[in-house]
Amino acid sequence: MGLFSFIKKLRHILAQRPNIPAAFGENPLVSTILNRRSVRKFLDADIKDEEIALILEAGRLAPSTVNMQTWSFGVFNRKTWKDTFGRAIPYGAMRAVMVLGDVTRMKRAADVFPDAPVVEYTVGVINASLAAMNMTIMAEALGIGSVMLSDTGKTGFFSTAYLRETLELPHGVYPLMTVVFGYPGRQNIPMPPKFKIDDIAFCGTYKDTEGARIRDWFSLMEAGYRASSLFSSFGAKLNYYKSNLNRAERELRDIVLGEKPKK
Ligand SMILES: Cc1cc2nc3c(=O)[nH]c(=O)nc-3n(C[C@H](O)[C@H](O)[C@H](O)COP(=O)(O)O)c2cc1C
């Protein structure tokens, strides 16, 4: 990538803005939802217990399939996280909520999934993800930053076996992601490259996204990674994911399908 093209791509990334028609510009919830960004640098100032309680309340009251509420939340501060995992909460965050799909309550009330492990897992993932999103939006409304983590610090579904052992998770509980919270260490975080609505929405039969648009997105991601870290690249990130996928797949098959992991 030449320097000129690199600069052009960075300018494109930095120029991205949410599309907010003027009539909705004053609505604070519109702005809260559309201006949320993943935060990866936090101030060394704790958030209040009442605030984390409100964030959890947003998770508790999230929508779910048949109101099954197939989730559990592991709630940590810096100390309890360190005591449990022997390391700091990623990115210097103050609090962490591990979001787990949890069908144990549902199974005890009425076992509706006896022969449908993939459906059961999917229901757990869908609902818990919605709870996680509600929590991040509540945090944002309180001026608290967050990032969802599936991998960093062994806190998500990539580290299923480790988390099952460390947290003594019973069958039917699936670690999905950890959302870490704190006051943002910087403002105006650039929006990573997003597809346009025409690239991702369709009416009637499915419409493929144009190849050129996908290539554009990929090269913007490469430029964004290059700009944010001298020592990393989008390609390296994808390779890191790839190299952990086989293990993650084996561990997930074990908990979802009951297949014993092959060594
Ligand atoms: C389920 C999930 C898992 C994620 N895992 C990670 C992660 O392990 N590390 C990380 O830095 N960001 C992670 N992210 C954050 C994404 O990278 C981020 O949402 C994406 O780049 C879009 O940026 P935005 O949230 O600012 O719109 C995750 C996001 C989601 C939804």
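Here the structure is shown first, and the text comes after it.
Structural notes, computed from the coordinates.

Definitions and limits used
Residues numbered from 1 in each chain as written. Predicted model: local features only at pLDDT ≥ 70, side-chain atom pairs only at ≥ 80, totals over all residues. Heavy atoms only, no water. Near = heavy atom within 4 Å. Polar contact = N/O pair within 3.5 Å; in protein donor to acceptor, adjacent residues only side chain to side chain. Areas by Shrake-Rupley, 256 points an atom, 1.4 Å probe, with all protein chains shown as cover. Nonpolar A, V, L, I, M, F, W, Y, C, P; charged D, E, K, R; others polar. Axes fitted to C-alpha atoms, helices over the stretch in contact; angles between N-to-C directions. Helix = DSSP H or I, 4+ residues; strand = E, 2+ residues; numbered from the N terminus. Parallel < 35°, antiparallel > 145°, perpendicular 65-115°, else oblique. Contact = heavy atoms within 4.5 Å. Pairing = 2+ DSSP bridges. Core = buried A, V, L, I, M, F, W, Y, C linked by side-chain atoms within 4.5 Å. Buried < 20%, exposed > 50% of the residue type's maximum accessible area, 1.4 Å probe, protein only. Salt bridge = Lys/Arg side-chain N within 4 Å of Asp/Glu carboxyl O. Phe/Tyr/Trp six-rings, centres within 6.5 Å; stacked < 30°, edge-to-face > 60°. Lys NZ or Arg CZ within 6 Å of the ring centre and 35° of its normal.

**Things to note about the site of the ligand**
Looking at the ligand, there are 13 residues lining it, with R36, R37, S38, R40 and K194 nearest. Taking T152, its side chain carries an N or O atom lying 3.2 Å from a nitrogen atom of the ligand. Coverage of the ligand by the protein amounts to 70% of the 610 Å² it exposes when considered alone. Residues belonging to the shell around the ligand are distributed by class as follows: five nonpolar, three polar and five charged.

**Focus on the packing of helix α9 (residues 211–228) against helix α10 (residues 234–257)**
Across the interface, α9 lies against α10 with an axial gap of 8 Å and an inter-helix angle of 100°. Here α9 is positioned roughly perpendicular relative to α10, judged by the angle of their axes. Counted together, W217, F218, M221, E222 and Y225 of α9 and F234, K237 and L238 of α10 form the full contact between these two elements.

**Some remarks on the sheet that holds strand β2 (residues 95–102)**
One open sheet holds the four strands; their spatial order is β1-β2-β4-β3, and the pairing between them is antiparallel. The open sheet is flanked by β1 (71–77) and β3 (145–149), the only strands paired with a single partner. Within this sheet the neighbouring strands show an average axis-to-axis angle of 20°, counted without direction. Where β3 meets strand β4 (residues 173–182), five bridges bridge the pair, whose relative direction is antiparallel. Its bridge partner lying in β4, L149 is registered against T178. Together, β1, β2, β3 and β4 form the strand contacts of helix α6 (residues 117–141), whose direction differs from that of β4 by roughly 10°.

**Concerning the nonpolar core**
Of all hydrophobic cores here, the largest spans 27 residues; its most connected members are I55, V99, F113, Y121, M135, I144 and F181. Sort the elements by how many residues they give to this core and α6 lands first, with seven residues. Setting aside residues up to four positions removed in sequence, F113 forms contacts with M68, V103, M106, V119, E120 and V123.

**Quick look at the pattern of salt bridges**
Counting across every chain of the model gives 13 salt bridges. A salt bridge links D46 to R95; the nearest nitrogen and oxygen atoms lie 3.0 Å apart. Here D46, found in the loop between α2 (28–35) and α3 (49–60), pairs with R95, found in strand β2; they are 49 residues apart in sequence, far enough to count as distant. The partly exposed category is assigned to D46, whose relative accessible area is 44%. Among the ionic pairs, E251 bridges to R247, the shortest N-O distance being 3.4 Å. In this pair, E251 and R247 both sit in helix α10, four residues apart, roughly one turn of the helix. Through salt bridges with shared partners, one network takes in D46, D49 and R95.

**Description of the packing of aromatic side chains**
Per the counting criterion, the structure on display carries 15 aromatic pairs. When the centroid spacing of 5.1 Å and the interplanar angle of 70° are considered together, the rings of F158 and Y241 count as edge-to-face. One end of the pair, F158, is in the loop between β3 and α7 (160–166); the other, Y241, is in helix α10, with 83 residues separating them in the sequence. The exposure class of F158 is buried, given its relative accessible area of 2%. Owing to a relative accessible area of 27%, Y241 belongs among the partly exposed residues under this scheme. A centroid spacing of 6.4 Å and a plane angle of 90° characterise the contact between Y240 and Y241, whose relative ring orientation is edge-to-face. The side chain of K154 reaches across the aromatic face of Y162, ending 4.1 Å from its centre.

Remember, this is a structural readout, not a statement about activity or role.
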